[in-house]
Amino acid sequence: NCIVKPVNYDECSDFLDKYHIQGNDKSFIRLGLYHKDDLVSIMTFGKNRISLGNKSKDDEYEMYRFCSSMTVVGSGSKLLSHFIKNHSPLKIISYADRRWSNNSVFYSKIGFDFIKNTAPSYWYFNKIGRRVHRFHFRKDQLSNKLQTFDPALTEWENMQLNGYRRIWDCGINV
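Residues numbered from 1 in each chain as written. Predicted model: local features only at pLDDT ≥ 70, side-chain atom pairs only at ≥ 80, totals over all residues. Heavy atoms only, no water.

Draft legend 1. Region of interest: the nonpolar core. Leu-31, Leu-33, Met-43, Phe-45, Leu-80, Phe-83 and Ile-92 are the most contacted members of the largest nonpolar core, which has 19 residues in total. Secondary-structure elements contributing two or more residues to this core are β2 (29–35), β3 (38–46), β4 (60–68) and α2 (75–87). When near neighbours in sequence (up to four residues on either side) are disregarded, Leu-31 contacts Val-4, Lys-5, Val-7, Ser-41, Ile-42, Met-43, Phe-45, Leu-79, His-82 and Phe-83. (Core = buried A, V, L, I, M, F, W, Y, C linked by side-chain atoms within 4.5 Å. Buried < 20%, exposed > 50% of the residue type's maximum accessible area, 1.4 Å probe, protein only. Helix = DSSP H or I, 4+ residues; strand = E, 2+ residues; numbered from the N terminus. Contact = heavy atoms within 4.5 Å.)

Draft legend 2. Just the sheet that holds strand β8 (residues 131–133), in detail. Pairing is antiparallel across the open sheet formed by three strands, whose spatial order is β8-β7-β9. Where the open sheet ends on each side, the last strands, each with one partner, are β8 and β9 (165–168). Recorded for the sheet is a direction-independent mean angle of 40 degrees between the axes of neighbouring strands. Here strand β7 (residues 122–125) runs beside β9; their pairing, made up of four bridges, is antiparallel. Residue pairing for β9: Trp-123 is matched across the bridge by Ile-167. (Pairing = 2+ DSSP bridges. Axes fitted to C-alpha atoms, helices over the stretch in contact; angles between N-to-C directions.)

Draft legend 3. Structural context of the sheet that holds β2. Ordered in space as β1-β2-β3-β4-β5, the five strands form an open sheet in which the pairing is mixed. With partners counted over all chains shown, the strands left at the sheet margins are β1 (3–6) and β5 (91–94), one partner each. Across this sheet, the average inter-strand angle for adjacent strands is 30 degrees, counted without regard to direction. Relative to β5, β4 runs parallel, the two being bridged by four bridges. Across the sheet, Glu-62 pairs through a bridge with Ile-93, a residue of β5. Most of the contacts of helix α1 (residues 9–19) go to β3, to which it runs at about 100 degrees, and overall it touches β2, β3 and β4. This element, α2, spans β1, β2, β3, β4 and β5 of the sheet and lies at about 135 degrees to β2.

Draft legend 4. Expanded view of unusual backbone geometry. The residue Asp-37 is not glycine, and still its phi comes out positive at about 70 degrees. Looking at the secondary structure, you find Asp-37 in the loop between β2 and β3. Judged by relative accessible area, Asp-37 falls into the exposed class, the value being 66%.

Draft legend 5. Main features of the side chain of His-20. With respect to the helices, strands and loops of the structure, His-20 is situated in the loop between α1 and β2. At 3.0 Å, the side chain of His-20 forms a polar contact with the backbone nitrogen of Gln-22. Leave out the neighbours within four places in its chain, and His-20 touches Phe-15, Arg-65, Phe-66 and Cys-67. (Polar contact = N/O pair within 3.5 Å; in protein donor to acceptor, adjacent residues only side chain to side chain.)

None of this, on its own, says anything about what the molecule does.
As structure tokens, then:
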């Protein structure tokens, strides 16, 4: 009883901030599942992210986010099928942060194959508590991003000097 249609950036952003643990993303394909004009589920896609070690190719995509405001049986399958039908990807990859969930059952139900679990990695928390991926703070870029930078110090030492904290994750399901 639901229909799939594109979601504008603002509506998608609000929905992801409210219902997805990681919040908004930088997707350029945003599909919503609507029940009687109410948005109940979202799946977003974009190009493969370099920060996760991927190279972007025209016919390959990454599923960035999937979430629902309520239980909607089959919503993931319906949104993914719509994406495949309209974009004809050769490959779609997605990642599940094992700290929050082990979504291997969900992914296998909608057609994904499990590839591997990655080793734990880390993120930084800034002074206002926002989580930022470590990719944004590579040592070769710190001098341009931090208020105080000492090239003799490590990335972690420089981050601490600027009030950042580090949190480790549990790895990722790929």
